[in-house]
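What the coordinates show
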Amino acid sequence: GPGWEFVETGLGSFAGLWTPASGAFLANTAAGAVRSDDGGLTWRPLPAPPELAGKLVGLWGVNPSDHRVYYVGAEPSGLFRTADDGATWSQIDDHDSLLQLGADPDLLYRVRSGQWNVSLERSRDGGATWEPLKPRLFGADRTSGPGCSWSVKTFYAHPSDPGFLYLGAGCYTT
């Protein structure tokens, strides 16, 4: 368009925004996961699974062609998937993981982290099953120094090439 227009949402800062082909906006905000159906003028909380009641729910992914399919999580409850805009849920991971959708809506990638190990896994069936990708990203075989824990901070799947992933990681001390 010809320029930008500021819209006050009252939700605090946005940490992620998804715009599926349906036209809905879905976002992570300081107030939790939200959705707008009017171009961002108004927002409502996304439905979340009962297991996450009372927790700050984070949105981890949205199907690019169908906004009714999305993934949410909250530590330490895990990662959940809905295919019907939040009416029903299935748990696809038992702890909070970083998740990205691939070029195909059934293609998912997740990063699982431990103190000395960070691994990348892929699902070709919407999260029902997972397979490890080789090589392991980081691990105890790598020199890390005292008090160092490997952590992935940024992780994106290429929107059209299923074999290409971007990730930013490093060794962080406390």
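Here goes a summary of the coordinates provided.

Reading the values: the criteria
Residues numbered from 1 in each chain as written. Predicted model: local features only at pLDDT ≥ 70, side-chain atom pairs only at ≥ 80, totals over all residues. Heavy atoms only, no water. Helix = DSSP H or I, 4+ residues; strand = E, 2+ residues; numbered from the N terminus. Buried < 20%, exposed > 50% of the residue type's maximum accessible area, 1.4 Å probe, protein only. Contact = heavy atoms within 4.5 Å. Areas by Shrake-Rupley, 256 points an atom, 1.4 Å probe, with all protein chains shown as cover. Patch = residues over 30% accessible without salt bridge, like charges linked within 9 Å, V, L, I, M, F, W, Y side chains within 5 Å. Salt bridge = Lys/Arg side-chain N within 4 Å of Asp/Glu carboxyl O. Phe/Tyr/Trp six-rings, centres within 6.5 Å; stacked < 30°, edge-to-face > 60°. Core = buried A, V, L, I, M, F, W, Y, C linked by side-chain atoms within 4.5 Å. Pairing = 2+ DSSP bridges. 1 Å grid on protein atoms, 1.4 Å probe; cavity = no way out; pocket = protein on both sides within 12 Å on 5 of 7 lines; lining within 4 Å. Points joined across faces, edges and corners; volume = space filled by probe spheres on them. Nonpolar A, V, L, I, M, F, W, Y, C, P; charged D, E, K, R; others polar.

Digging into the overall build of the protein
- Each helix and strand counted, the protein has zero helices and 14 strands in total.
- A burial count over the protein gives 39% of its 174 residues as buried.
- Taking as baseline every contact in the protein between residues at least 6 positions apart, the subset at least 24 positions apart corresponds to 32%.
- Looking at the protein as shown, the accessible area adds up to about 9,800 Å², and 54% of this sits on carbon and sulfur atoms.

Remarks on a nonpolar patch on the surface
- Nonpolar side chains collect at one region of the surface, where Y156, F164 and Y166 lie side by side and expose about 330 Å² of accessible area between them.
- With respect to the element layout, F164 can be found in the loop between β13 (148-157) and β14 (165-173).
- Since its relative accessible area comes to 40%, F164 is described here as partly exposed.

Some remarks on the pattern of salt bridges
- Within the structure shown, the criterion is met by six salt bridges.
- Residue R68 pairs with D66 through a salt bridge whose shortest N-O separation is 2.9 Å.
- When salt bridges that share partners are traced, they join R35, D37, R44 and D85 into one network.

Structural notes on the packing of aromatic side chains
- For the coordinates displayed, the defined rule picks out three aromatic pairs.
- Both rings, one in Y70 and one in W89, keep their centres 5.6 Å apart while their planes meet at 80°; by these two values the pair is edge-to-face. With a gap of 19 residues between them, Y70 in strand β6 (residues 70-74) and W89 in the loop between β7 (78-82) and β8 (90-93) connect regions that are remote in the sequence.
- Taken together, the aromatic side chains of F14, F25 and W43 make up a single cluster linked through ring pairs.

What to know about the nonpolar core
- Residues L26, L46, L52, L59, Y70 and V72 are the most contacted members of the largest nonpolar core, which totals 13 residues.
- Every element with two or more residues in this core is listed here: β5 (58-62) and β6.
- Not counting residues within four places of it along the chain, the set of residues in contact with L52 comprises V57, V72, G73, A74, S77 and F80.

Some details on the pairing of β7
- When you tally the buried positions in β7, you get four out of five residues, the bulk of the element.
- Bridge count between β6 and β7: five bridges; the pairing is antiparallel. Residue pairing in the sheet places V72 in a bridge with F80 of β7.

Thoughts on the layout of surface pockets
- Computed from the structure, the second largest pocket encloses a volume of approximately 220 Å³.
- Tallied by class, residues from the lining of the second largest pocket come to seven nonpolar, three polar and one charged.

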